[in-house]
Amino acid sequence: MDFKRSDFPEGFLFGAATAAYQIEGHSFGGAGPTHWDSFAAGPGNVVRGEDGAVACDHYHRYAEDLDLLKYAGMDAYRFSTSWARVMPDGRTPNPEGLDFYDRLVDAMLERGLKPFQTLYHWELPSALADKGGWMNRDTCAYFGDYTGVIADRIGDRVAAIATINEPWCVSYLSHFLGNHAPGLKDIRATARAMHHINLAHGVAMTRLREKGMKNCGVVLNFDHTEPKDTSARAAEAAATWDAIMNRWFVEAITKGTYPAEALAGLAPHMPNGWQDDMAEISQPIDYLGVNYYTRHKVTADETAVWPHIASEEGPGDKTQMGWEIYPQGLQSFLTRLSNDYVGDMPIYVTENGMAWDDAVEDGAVVDPEREKFVSDHINATKQAIAEGANVQGFFYWSLLDNYEWAFGYEKRFGMIHVDFETLKRTPKASYHALKAAIAR
């Protein structure tokens, strides 16, 4: 890889990221059912109807997985705690689940890894989904209770806490486009979910601050958006998509406002009195997590329902997901966020990675495409730092091949190959290349 650790500021963290439902195995340890289980059971929602019942069996194999992180010379591990494991019904603590996260965090510390916790990475307990999930304001209060319970148990040992992972996916992708649980295509549900997920972030921040927690933030996903052509209509469409995809959450959290281009469609469907929540939503955070994967070209489509846009991947090389590989977009976002939203606040690249159709041959996985992808995106991060962005770490997504939501086990993002029949782990060539690049 075309970089080395010494190219980065002292204390810059290199790590890898995962999420609870995608790797742990949700049929173990008293975890309760989630809306992803029921979504996966619906016809056509998930490739082959696969779910996270076993996943990578990280619940039992976490020591092996953390050893692989340590062996690679990683500084930190970004993981998530499952609400449905900590509180199977969304309300009542599960001692077995809390004990697991106790063991997990202690095991990270024993290996010299900084634990970067995410409170919510999409596994909403089914009992709360039955009450309307993120369409129901009460879910925000229950999330605050969960935050308090898990913070009391492991908050003394984690290095950082993120409230929500990718609220755009939790709300718009899931309630308007219908691609994720709960699989709705309902603008009223979308407007409520897009606001309530922000409010849940605010409620969790309030609870964390009451407990004296430091280094608390949020993880937002960003999509590099450009007009497909030079027409005014394409520029307007791109501005609308940028408002929905990129600005809605960061502006609410850092400025206490929602972008006008998005409100043009969502305002009639927003919950009453939403403006009164903006002060709690926009209370100060300590860092911003940035997830970035690809670029889209956008044009106007007046035949489409709101937001009247059509988007397509850019023209460059594509990953197994069909996403364009565009590292310049990461550099652009890091500098844009620094200049327009967070100033000198620490930023972490909390997810960046690529899926590829990897296979084990003669006991090894050769993935030069991923090696180049990682090198190019870490160099884009280095360039953003040179331009003044206070980026303090980079987490590759993902440590392991895992349950890739609606794509089941078909798409492989991991630096470590997982045979989903035997659950054998095989570090890929990109893992070894990154290990060499970040060696001290």
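What you are looking at is a predicted structure, and each value in this text was computed from that prediction instead of being measured.

Each value, and the rule that gives it
- Residues numbered from 1 in each chain as written.
- Predicted model: local features only at pLDDT ≥ 70, side-chain atom pairs only at ≥ 80, totals over all residues.
- Heavy atoms only, no water.
- Helix = DSSP H or I, 4+ residues; strand = E, 2+ residues; numbered from the N terminus.
- Rg over C-alpha atoms; globule rule 2.2 N^0.38 Å.
- Buried < 20%, exposed > 50% of the residue type's maximum accessible area, 1.4 Å probe, protein only.
- Contact = heavy atoms within 4.5 Å.
- Areas by Shrake-Rupley, 256 points an atom, 1.4 Å probe, with all protein chains shown as cover.
- Core = buried A, V, L, I, M, F, W, Y, C linked by side-chain atoms within 4.5 Å.

A. Highlighting the overall build of the protein chain. Per the secondary structure count, the protein chain includes 15 helices and 11 strands. Here the C-alpha atoms of the protein chain give a radius of gyration of 20 Å, agreeing with the 22 Å that 2.2 N^0.38 yields for 440 residues. With the C-alpha coordinates of the protein chain rotated into their principal frame, the extents come out at 55 × 50 × 45 Å. For the protein chain, with 440 residues in total, the buried portion stands at 62%. Taking the contacts inside the protein chain whose residues are at least 6 apart along the sequence as the reference set, 76% of them involve residues at least 24 apart. A total of about 15800 Å² of accessible surface is found on the protein chain, and carbon and sulfur atoms cover 49% of it.

B. Region of the structure containing the nonpolar core. Residues W83, W134 and F143 are the most contacted members of the largest nonpolar core, which totals 133 residues. With 11 residues, helix α10 (residues 232-255) is the single largest residue contributor to this core. When sequence neighbours within four positions are dropped, the list of residues in contact with F143 reads W83, L119, Y120, W134, T163, I164, A200 and A204. Membership of the second largest hydrophobic core comes to 16 residues, among which are L13, A17, A355 and F395.

C. Quick look at the environment of N179. By secondary structure assignment, the location of N179 is in the loop between α8 (167-175) and α9 (187-210). In this structure, the C-alpha to C-alpha distance between N179 and G212, residues 33 residues apart in sequence, is 37 Å. Ignoring anything within four residues of it in the chain, the contact list for N179 reads F39, L173 and A406.

Geometric descriptors of this kind do not, in isolation, establish any biological role.
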